[in-house]
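# Coordinates in review
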Amino acid sequence: MNDLLVHALLFALLSAVIVLMSAFYSEPDDSKALRAFPRRLLFFFLGCAALTGLMLLAEHTVASVA
Amino acid sequence: MPSGEPNVATLLTWFLPGAGHLYIGRATFGLVAFVLVEGLYLLGLKLSGGMGFEFLQPELRGPFAPALAPELGNLGALIYHMQSYGYGLPVPRPFPDTVVLGTTLTAISGVLNLCLMCHANFEARLPKDVHTGWKSPALPVLLTWICPGLGHWFQGRKLRGTLVFLSLVGCVVLGTILADASNLSRERHYYYWGGQVMAGAPALLLQLVWGAKSLNSYVPYGEAGLVFAAVAGMLNILAMLDVYGFAARRWEGSDSETEEPARSEDAANASDGGSAETTPSATAEVTA
């Protein structure tokens with residue numbers, strides 16, 4: 001299988017666990033925590049994407065040796 | 001009136017297991033806790049020959065480097081360990097056969113003392129003659145460390161407990177498979193192991209079974225597996241905080257699930273001419 005795809009799947013899986021645990025931590029009610037899970041996961045992915053974009057930008061500008 | 005200042009009880013327990021309990025007037029409990037937690041650390045020191053910190057590579061060694069380990073939960077013992085053994089002799093020497101068991105025991109001692117700190121902190125908020133007993137918020141914390149999700153089951157939150165168990169234990173097992181068990185060695189991954197051990201018995205059992213496995217080839221997803229297992233352990237700290245908060249709220253009667261019965265009981269007492277000051281804490285084990 002494509003290596004990038006495997007890493008993306010592993011990232012998605014670990015993200016889901018991190019978001020689930022944070023949802024449980026911040027919301028005592030199980031049903032509310034589970035309802036908020038998809039939205040939280042989406043925000044987590046968007047945050048990670050933004051961070052990745054910033055890192056790539058920094059790599060190609062500040063850290064660029066070309 | 002509280003039996004002591006919670007922060008003082010917590011800090012005292014951090015420096016010396018049982019000292020916080022002595023401070024709040026629980027001398028017997030404190031003595032038993034001291035013997036158990038410090039005994040475990042000393043046994044670990046004996047079995048490992050005090051060489052636990054020598055797992056750290058020379059370039060990582062520093063005055064605070066060992067503090068990023070579960071032993072930090074037992075600060076007094078950690079300082080004693082550092083002062084008495086430190087990083088050992090400047091020349092290489094073989095580790096004793098029981099070094100893995102020894103360093104695991106010192107780590108467990110640190111985690112147990114964290115649970116004791118929770119116990120001392122909560123007991124300090126209560127009057128001297130009121131004890132939480134089996135309803136102590138520290139018990140689900142300990143159970144959650146032993147097995148992720150067990151503390152939630154103990155509190156009757158079975159759906160949450162099951163999901164926590166599947167998520168965290170699943171991550172530890174998947175991480176171990178991905179890393180071909182290379183994540184289970186403290187000597188190989190000192191800091192990651194520290195995170196992983198917070199997942200409790202599942203991580204320790206895997207270490208017991210596969211911890212001695214040698215690596216003969218490159219492990220393609222070794223680092224990913226390492227991250228999975230270590231993150232699962234650290235997320236279990238969130239689960240431990242969750243069960244502590246739930247138990248504390250339930251004890252204080254502010255939890256929504258327990259609030260209504262408590263109110264109706266108060267109302268019944270009031271209508272019967274009973275004391276309106278009845279609170280859920282009145283169900284505590286009151287000792288003379």
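Just so it is clear, the model here is predicted, and its values are computed rather than measured.

What follows concerns the overall build of chain A. Within chain A, the regular secondary structure consists of 2 helices and 0 strands. The C-alpha atoms of chain A give a radius of gyration of 16 Å, which is well past the 11 Å a tight globule of 66 residues would have. When the backbone C-alpha atoms are referred to their principal axes, chain A occupies close to 55 × 30 × 15 Å. Counting every position in chain A, which comprises 66 residues, the buried fraction comes to 21%. Summed over all atoms, the accessible surface of chain A reaches about 4600 Å², with 73% contributed by carbon and sulfur. Placing the 4 positive and 5 negative side-chain charges of chain A at their respective mean positions leaves the two points 13 Å apart.

Residue and element names in this part refer to chain B. Tracing the sequence through the fold places Asn121 in helix α5 (residues 99–125). For Asn121, a relative accessible area of 14% gives the class buried. Within polar-contact distance, the side chain of Asn121 engages the side chain of Thr10 at 2.9 Å. Sequence-distant contacts of Asn121, defined by excluding residues within four places in its chain, comprise Pro6, Asn7, Thr10 and Tyr244.

With that settled, consider empty space enclosed by the protein. Residues and elements named next belong to chain B. Within the structure shown, the criterion is met by 1 cavity of 30 Å³ or more. In this model, the largest cavity occupies a volume close to 30 Å³. The wall of the largest cavity is formed by Ser3, Ile24, Arg26, Glu123, Leu126, Pro127, Lys128, Val130 and His131. Along the lines of polarity and charge, the residues of the lining of the largest cavity split into 4 nonpolar, 2 polar and 3 charged.

Glancing now at the pattern of salt bridges. A full pass over the atoms with the stated rule returns 6 salt bridges over all chains. Close ionic contact of Asp30(A) with Arg160(B) constitutes a salt bridge, the shortest N to O distance being 2.6 Å. Residue Asp30(A) is found in helix α2 (residues 30–60), and its partner Arg160(B) is found in helix α8 (residues 158–178); the two belong to separate chains. Arg160(B) matches Asp30(A) in its accessibility class, with the two residues each being buried.

On to the environment of Ala124(B). Residues and elements named next belong to chain B. Take Ala124: it is sitting in helix α5. Taking relative accessible area as the criterion, Ala124 reaches 0% and is therefore assigned buried. Remark: the alpha-carbon pair of Ala124 and Val8, spanning 116 residues in sequence, is separated by 8.9 Å. If near-sequence neighbours (up to four positions away) are discounted, Ala124 is found in contact with Pro2, Ser3, Gly4, Glu5, Pro6, Ala9 and Ile24.

Turning our eyes to something else, we now look at the domain arrangement of chain B. Residues and elements named next belong to chain B. Once the domains are mapped, chain B shows domain 1 (1–131) and domain 2 (137–259). Contacts between domain 1 and domain 2 engage 30 residues on the former and 19 residues on the latter. Together, the buried faces of domain 1 and domain 2 total about 2000 Å²; carbon and sulfur atoms form 74% of this surface. Across the domain 1-domain 2 interface, the total number found is 1 salt bridge. With its nearest N and O atoms 2.9 Å apart, the salt bridge here joins Arg186 to Glu71.

Rules and cut-offs
- Residues numbered from 1 in each chain as written.
- Chains lettered and ligands numbered in written order.
- Predicted model: local features only at pLDDT ≥ 70, side-chain atom pairs only at ≥ 80, totals over all residues.
- Heavy atoms only, no water.
- Helix = DSSP H or I, 4+ residues; strand = E, 2+ residues; numbered from the N terminus.
- Rg over C-alpha atoms; globule rule 2.2 N^0.38 Å.
- Buried < 20%, exposed > 50% of the residue type's maximum accessible area, 1.4 Å probe, protein only.
- Areas by Shrake-Rupley, 256 points an atom, 1.4 Å probe, with all protein chains shown as cover.
- Lys, Arg positive; Asp, Glu negative; His and termini not counted.
- Charge placed at Lys NZ, Arg CZ, Asp CG, Glu CD.
- Polar contact = N/O pair within 3.5 Å; in protein donor to acceptor, adjacent residues only side chain to side chain.
- Contact = heavy atoms within 4.5 Å.
- 1 Å grid on protein atoms, 1.4 Å probe; cavity = no way out; pocket = protein on both sides within 12 Å on 5 of 7 lines; lining within 4 Å.
- Points joined across faces, edges and corners; volume = space filled by probe spheres on them.
- Nonpolar A, V, L, I, M, F, W, Y, C, P; charged D, E, K, R; others polar.
- Salt bridge = Lys/Arg side-chain N within 4 Å of Asp/Glu carboxyl O.
- Domains from an automatic or database assignment.
- Buried area = accessible area lost by both parts, 1.4 Å probe.

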